[in-house]
Amino acid sequence: MPPGNSSSAIAALRQKISRLEGDGARVQAVLPFGVAALDKRLPQGGLALGCLHEVAGGGNGAVDGAAASSFAAGIAARLPGPVLWCVTQADLFAPGLEQAGLPPDRVIYVEAGDDRSVLASMEEGLRHGGLAAVVGDVAHLSMTASRRLHLAAKGTGTLGIALRRWRRQADASDFGQPTAAMTRWRISVLPSTPLPVPGVGRARWLIELIRARAGDSFDLELEACDGTGHLGLPADVARGSAATAGGRVSAFG
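Residues numbered from 1 in each chain as written. Predicted model: local features only at pLDDT ≥ 70, side-chain atom pairs only at ≥ 80, totals over all residues. Heavy atoms only, no water.

**Points about the overall build of the protein**
When you go through the protein residue by residue, the secondary structure sums to seven helices and ten strands. Within the protein, buried positions represent 46% of all 253 residues. Taking the intrachain contacts of the protein between residues at least 6 apart in sequence as the baseline, contacts between residues at least 24 apart amount to 67%. A total of about 12,000 Å² of accessible surface is found on the protein, and carbon and sulfur atoms cover 57% of it. (Helix = DSSP H or I, 4+ residues; strand = E, 2+ residues; numbered from the N terminus. Buried < 20%, exposed > 50% of the residue type's maximum accessible area, 1.4 Å probe, protein only. Contact = heavy atoms within 4.5 Å. Areas by Shrake-Rupley, 256 points an atom, 1.4 Å probe, with all protein chains shown as cover.)

**A look at unusual backbone geometry**
A positive phi angle is found at Gln44, which is not glycine, with a value near 65°. Structurally, Gln44 is set in the loop between α2 (36-39) and β2 (47-48).

**Points about the packing of aromatic side chains**
Evaluation of the coordinates by the stated rule reveals five aromatic pairs. Each ring, one from Trp185 and one from Phe218, has its centre 6.5 Å from the other, and the planes form 90°; the classification is edge-to-face. Of this pair, Trp185 sits in strand β8 (residues 183-190) while Phe218 sits in strand β10 (residues 218-223), placing them 33 residues apart in sequence. Judged by its relative accessible area of 1%, Trp185 is buried. Residue placement shows Arg184 over the ring face of Phe175; its charged tip is 5.0 Å from the ring centre. (Phe/Tyr/Trp six-rings, centres within 6.5 Å; stacked < 30°, edge-to-face > 60°. Lys NZ or Arg CZ within 6 Å of the ring centre and 35° of its normal.)

**Considerations on the sheet that holds strand β7 (residues 159-164)**
Taken together, eight strands build an open sheet; the order of strands is β5-β4-β6-β7-β3-β8-β9-β10 and the sheet is mixed. Looking at the sheet topology across the chains shown, the edges are occupied by β5 (107-111) and β10. Averaged over all pairs of adjacent strands, the angle between their axes in this sheet comes to 20°, without regard to strand direction. With respect to the sheet, helix α3 (residues 61-77) is in contact with β3 (52-57), β4 (83-87), β6 (133-138), β7, β8 and β9 (204-212), its orientation differing from that of β8 by roughly 125°. The strands touched by helix α5 (residues 115-128) are β4, β5, β6 and β7; relative to β6, the strand with the most contacts, the crossing angle is about 170°. (Pairing = 2+ DSSP bridges. Axes fitted to C-alpha atoms, helices over the stretch in contact; angles between N-to-C directions.)

**Here we look at the pairing of β7**
Burial within β7 is extensive, with six of its six residues counted as buried. Neither face of β7 is exposed, since Leu159, Ile161 and Leu163 on one face and Gly160, Ala162 and Arg164 on the opposite face are all buried. Where β3 meets β7, five bridges bridge the pair, whose relative direction is parallel. Across the sheet, His53 pairs through a bridge with Ile161, a residue of β7. Pairing between β6 and β7: six bridges, direction parallel. Note that in β7 the partner of Asp137 across the bridge is Leu163.

**As for the packing of α5 against helix α6 (residues 143-156)**
Running from N to C, α5 and α6 cross one another at 15°; their axes reach a closest spacing of 8 Å. The angle between α5 and α6 places the two elements in the roughly parallel class. The hand of the α5/α6 crossing is left-handed. When α5 is examined against α6, the residues Leu119, Met122, Glu123, Leu126 and Arg127 are found in contact with a partner set consisting of Ala145, Arg148, Leu149, Ala152, Ala153 and Thr156. In terms of residue class, the contact of α5 with α6 is built from seven nonpolar, one polar and three charged. (Parallel < 35°, antiparallel > 145°, perpendicular 65-115°, else oblique. Left-handed = near helix turned anticlockwise from the far one by under 90°. Nonpolar A, V, L, I, M, F, W, Y, C, P; charged D, E, K, R; others polar.)

**Some points on the pairing of β8**
Side chains on a regular strand alternate between the two faces of the sheet. With five bridges connecting them, β3 and β8 associate as parallel partners. Bridge assignment links Val55 to a residue of β8, and that residue is Trp185. As judged from the eight bridges shared by β8 and β9, these two strands associate in the antiparallel manner. Looking across to β9, one finds that Leu190 is bridged to Arg204.

**Here's the deal with α6**
For an α-helix, the turn length of 3.6 residues means that residues three or four places apart are oriented alike. The terminal C-alpha atoms of α6, which comprises 14 residues, lie 20 Å apart, in line with the 20 Å expected from a rise of 1.5 Å per residue. By the burial criterion, the buried members of α6 are Ala145, Ser146, Leu149, His150, Ala152 and Ala153. Projection of α6 onto a plane perpendicular to its axis shows the buried side chains occupying an angular sector of 160°, all on one side. Among the exposed residues of α6, those oriented more than 90 degrees off its buried face are Thr144 and Gly155. Phi turns positive one or two residues past the end of α6, at Gly157, with a value near 80°. (Expected span 1.5 Å × (residues − 1). Arc of directions from axis to C-beta.)

Shown next as structure tokens:
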């Protein structure tokens, strides 16, 4: 088959899969990350608005969990308006979110007590339509619950983020179960960039896109969110260093 026909067939197949998953209409509104190496690998060049997305930390416990929270905060920070953040218990570090660009006066906190209440609060927030984003800390996310959140987000155009956090490591396996989320991300902390003088350089993360509808999975090393919520491309990655080039494309997601 000629290359042009092959590309058309793949595009048609992706649209068919999207219709089967309940998203037949092509998503138009996206939020670019502002890093070309990342945006060019995402369908339509950014994070789809009016959808549910999943974010989790890597395998390094609370350290990677904090990075995942900052990653979610950076996304929400770049959208105008208030942000609803639902938690099971009051353990978010507000100054940390502010370092990622999300100041306390933009955040409405809901301490829901358990996953079921968090999911219910998220759905109400997504259906409201007057919020920039809705973030919810949940350990377990079923297909049914995620589908409800995704449809609520789609109805108002509000961005939804399910921040997967676990009190017990045994619960982490739930992250591999299928959900209706548009994308699924995993964030892990890496050593910061060395400085020519004594001090600590800007934090660095391994950002993995585990799944994306109508897109490919990949991983990329980036600098952590700055005070405006933007990620950065490390100089060695920008130069195409063999050790940190990232972006290894894997199977169709």
